[in-house]
Amino acid sequence: MRLKKNIATSETGFVFNPATGDSFAANGLAAEIVELLKQDLPEAAIKAHLLARYEVEPTRLEKDWDDLVAQLHSHNLLD
Amino acid sequence: MTSTSSLPRYTIAVSALNATDSPGPGVAVIRALRESPDFTVRIIGLSYEALEPGIYLHELVDKTYQIPYPGAGPAALLERLIYIQEREALDLIIPNFDAELPNFIRLAPQLAELGIRTFLPTLAQLEVRDKRQLRAFGETHGLLVPTGLLLHRADEVAKAGAALGYPVVVKGKFYDAVVAHTLEQAQKAFHQLQAAWGLPVIAQQFVQGREINIAGLGDGTGQLISAVPMRKLYITDKGKAWAGITLEDPALLELARQFVAATKWRGGFELELMRAPTDELYCMEINPRFPAWVYLTAAAGQNQPAALVRLALGEVVAPFEGYAVGRMFIRYAWDLITDNTEFHQISAFGEL
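Owing to the predicted nature of the structure, the values given are computational and were not obtained by experimental measurement. (Residues numbered from 1 in each chain as written. Chains lettered and ligands numbered in written order. Predicted model: local features only at pLDDT ≥ 70, side-chain atom pairs only at ≥ 80, totals over all residues.)

**Q** Sorry, what's going on with the overall build of chain A here?
**A** Across its full length, chain A holds three helices and three strands. Helices (α) and strands (β) of chain A occur, in sequence order from the N terminus, as β-β-β-α-α-α. The C-alpha radius of gyration of chain A comes to 12 Å, within 12% of the 12 Å expected for a compact globule of 79 residues. In terms of overall dimensions, chain A has a C-alpha envelope of 35 × 25 × 20 Å along the principal axes. For chain A, the residues scored as buried account for 11% of the 79 residues in total. In chain A, the proportion of contacts linking residues at least 24 apart, taken out of those at least 6 apart, comes to 46%. (Helix = DSSP H or I, 4+ residues; strand = E, 2+ residues; numbered from the N terminus. Rg over C-alpha atoms; globule rule 2.2 N^0.38 Å. Buried ≥ 20, exposed ≤ 12 C-beta atoms within 10 Å, placed from the backbone. Contact = placed C-beta atoms within 7 Å.)

Here it is in structure tokens:
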């Protein structure tokens, strides 16, 4: 899974797709994940980072991860 | 930094001062011209009606002259422009209404003799992108254009609706479009548009999608000097962009390049596109002049009106490279206060 190269993020948590002009408000965790995806970190490394940083069950993380990926897909933010 | 006093000063006439809810491009063109780093300007407004807001925007327009409606023909326009030229010594005219372009194009040689430059498409170029010819143009040059039918009589509306399906877009010859969901709505739109703009009225297949426009400038040799794509973020009930944002999309720039190369377009233009959910780009209309949102091109780093001035003056203008993506415009309504004496002056004497 790769974030499109030209996707921009702002400090206020907004994600901007310059190809479509769409802006999306991301919550703090989603913005953090998008930022990590922008750095081209592999999925496994991002998940390991999240498990280490937050108190979350792996199964719950997987579910939330899948939800986020579905949203990124539907908003045309992934390659 | 260059002092403005050392810059050349040009007197430029600009039309379409109707900065209303369905705005003409004149005020946006003037704003862009005033921001050129290469020259300063004295702006002469050319108006048709006494309540065009630009007439009263004295910080933008130095003086305004009313000119005859396009229907009066080129001779009446020339007579008026000679009068204006004797008083103002115009260097250039930038007409911004579709309906007035044929007269200005026909008069270009006489205007040149008077010392007034223009930078306009030819009548043939104007013709190929006409709404009535657009589908054929698209077929020749590989552009997707929705199916359209010309309506010359009211009883043709039902046949067009049946052929194209509902909703159907009913369009005026020069301006305005209505999305009609029923035969009754289509017939009403036909009569309204016929009364406003004459025949034929155009019925066009409705395409669902996102509206994207490209403001562009061609140098007349087939070279694209500038193209800035914008997605409409807020659309008024008249279908006009009230807010928009610049986009980064090589496919859009390629489309503009393709259009200019195919037509050798000379001057400003606007491609009105619809991006379908399938990602296909439909060309809905091609306007033969700058759009009302053209100031965004200057704000994004490609000042198209200023570049047109330099082209008109015979300068070599290199194609722009890059522009600010994500730059937005948000139009606003503002109550301009003036005195009735100004209104009387322009109404009675045709000058202000």
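Let's pick the thread back up.
**Q** I keep staring at the overall build of chain B and nothing clicks. Help me out?
**A** Helix and strand content of chain B: eleven helices and 14 strands. The C-alpha atoms of chain B give 20 Å as radius of gyration, which agrees with the globular expectation for 352 residues (20 Å, within 12%). Expressed as lengths along the three principal axes of its C-alpha atoms, the size of chain B is roughly 60 × 45 × 40 Å. Here chain B holds 352 residues, and 44% of them are scored as buried. For chain B, restricting intrachain contacts to residue pairs at least 6 apart in sequence, the fraction spanning at least 24 positions comes to 65%.

**Q** When you look at unusual backbone geometry in this model, what are you seeing that I'm missing?
**A** As a rule of thumb, non-glycine residues mostly have phi less than zero, and peptide bonds are mostly trans rather than cis. In this structure, proline 167 of chain B follows tyrosine 166 of chain B across a cis peptide bond, with omega equal to 0°. As for its position among the elements, proline 167 of chain B is in the loop between helix H6 (156-164) and strand S6 (168-171). Between leucine 199 of chain B and the following residue, proline 200 of chain B, the backbone shows a cis peptide bond with an omega angle of 0°. The residue proline 200 of chain B is located in the loop between helix H7 (183-197) and strand S8 (201-205) in this model. Residue asparagine 76 of chain A is not a glycine yet carries a positive backbone phi of 65°. Here asparagine 76 of chain A falls in the partly exposed class, since 13 other C-beta atoms lie within 10 Å of it. Look at alanine 16 of chain B: it is not a glycine, yet its phi comes out positive at around 70°. Mapped onto the fold, alanine 16 of chain B is located in the loop between strand S1 (9-15) and helix H1 (26-34).

**Q** Is there a simple way to think about the environment of leucine 41 of chain A in this case?
**A** All names here are of chain A. Residue position: leucine 41 is located in the loop between helix H1 (28-38) and helix H2 (43-53). Put simply, leucine 41 and phenylalanine 24 are 17 residues apart on the chain and 22 Å apart in space, counted from C-alpha to C-alpha. Discounting chain neighbours no more than four positions away, the residues touching leucine 41 are Leu36 and Ile46.

**Q** Help me understand the packing of H6 of chain B against H7 of chain B in this model?
**A** A pair of packed helices is captured by two measures, namely the crossing angle of their axes and the spacing between those axes. All names here are of chain B. Their axes nearest at 10 Å, the elements H6 and H7 cross at an angle of 130°. When the axis of H6 is compared with that of H7, the two are oblique. Read as a crossing pair, H6 and H7 show a hand that is right-handed. When H6 is examined against H7, the residues Val157, Ala158 and Gly161 are found in contact with a partner set consisting of Leu183, Ala186, Gln187 and Phe190. Considering only residue class, the contact of H6 with H7 consists of five nonpolar, two polar and no charged. (Axes fitted to C-alpha atoms, helices over the stretch in contact; angles between N-to-C directions. Parallel < 35°, antiparallel > 145°, perpendicular 65-115°, else oblique. Left-handed = near helix turned anticlockwise from the far one by under 90°. Nonpolar A, V, L, I, M, F, W, Y, C, P; charged D, E, K, R; others polar.)

**Q** Help me understand the environment of alanine 112 of chain B, please; the structure alone is not making it clear to me.
**A** Residues and elements named next belong to chain B. With respect to the helices, strands and loops of the structure, alanine 112 is situated in helix H3 (residues 101-113). Judged by the 11 C-beta atoms lying within 10 Å of it, alanine 112 is exposed. It is 9.3 Å that separates the C-alpha atoms of alanine 112 and leucine 92, two residues lying 20 residues apart in sequence.

**Q** Explanation requested: the sheet that holds strand S7 (residues 177-180) of chain B in the structure shown.
**A** Each strand in a sheet pairs with its neighbour through backbone hydrogen bonds, running either in the same direction (parallel) or in the opposite one (antiparallel). Residue and element names in this part refer to chain B. Judged by pairing direction, the sheet is antiparallel, and its four strands sit side by side in the order S5-S8-S6-S7 without closing on themselves. The strands lining the two open edges of the sheet, one partner per strand, are strand S5 (148-151) and S7. For this sheet, the mean inter-axis angle between neighbouring strands, taken without regard to orientation, is 25°. Across four bridges, the pairing between S6 and S8 is antiparallel. Residue pairing for S8: valine 170 is matched across the bridge by alanine 203. Taken strand by strand, H6 contacts S5, S6 and S8, and its axis lies near 175° from that of S5. Running at roughly 15° to S6, H7 makes contact with S5, S6, S7 and S8 of the sheet. (Pairing = 2+ DSSP bridges.)

**Q** Please clarify how the domain arrangement of chain B should be interpreted in this entry.
**A** The extent of an interface is frequently quoted as the accessible surface area lost upon association of the parts. Assigned domains within chain B: domain 1 (4-119 + 335-349), domain 2 (125-130 + 208-330) and domain 3 (148-204). Relative placement of domain 2 of chain B and domain 3 of chain B: their C-alpha centres are 27 Å apart. (Domains from an automatic or database assignment.)

**Q** I keep staring at the confidence of the model for chain B and nothing clicks. Help me out?
**A** Do not read the predicted coordinates in detail wherever pLDDT is low. Averaged over all residues, the pLDDT of chain B equals 94, while 99% of them reach at least 70. As a predicted assembly, this complex carries a pTM of 0.89 together with an ipTM value of 0.79. (pLDDT = per-residue confidence, 0-100.)

**Q** Mind showing me how you'd approach the sheet that holds strand S3 (residues 22-25) of chain A here?
**A** Residues and elements named next belong to chain A. If you walk across this open sheet you meet the three strands as S1-S2-S3, and the pairing is antiparallel. Unpaired on one side and paired on the other, strand S1 (8-9) and S3 mark the two borders of the sheet. Alignment of S1 against strand S2 (residues 14-17), held across two bridges, turns out to be antiparallel. In the sheet register, alanine 8 faces S2, and the bridge partner there is phenylalanine 16.

**Q** So what exactly am I meant to see when it comes to the nonpolar core here?
**A** Among soluble globular proteins, nonpolar side chains are generally buried collectively. All names here are of chain B. Grouped together as the largest cluster of nonpolar side chains are 84 residues, with contacts concentrated most on Ile12, Val29, Leu92, Ala256, Leu271 and Val294. Of the domains in this structure, domain 1 (4-119 + 335-349) and domain 2 (125-130 + 208-330) are the two that each give at least three residues to this core. Those residues in contact with leucine 271 that lie beyond four places of it in its chain are Asn213, Ile214, Gly216, Leu255, Ala256, Phe259, Cys283 and Ile286. Counting residues in each nonpolar core, the second largest holds 15 residues, with Val157, Ala189, Leu193 and Val201 among its members. (Core = buried A, V, L, I, M, F, W, Y, C linked by C-beta atoms within 7 Å.)

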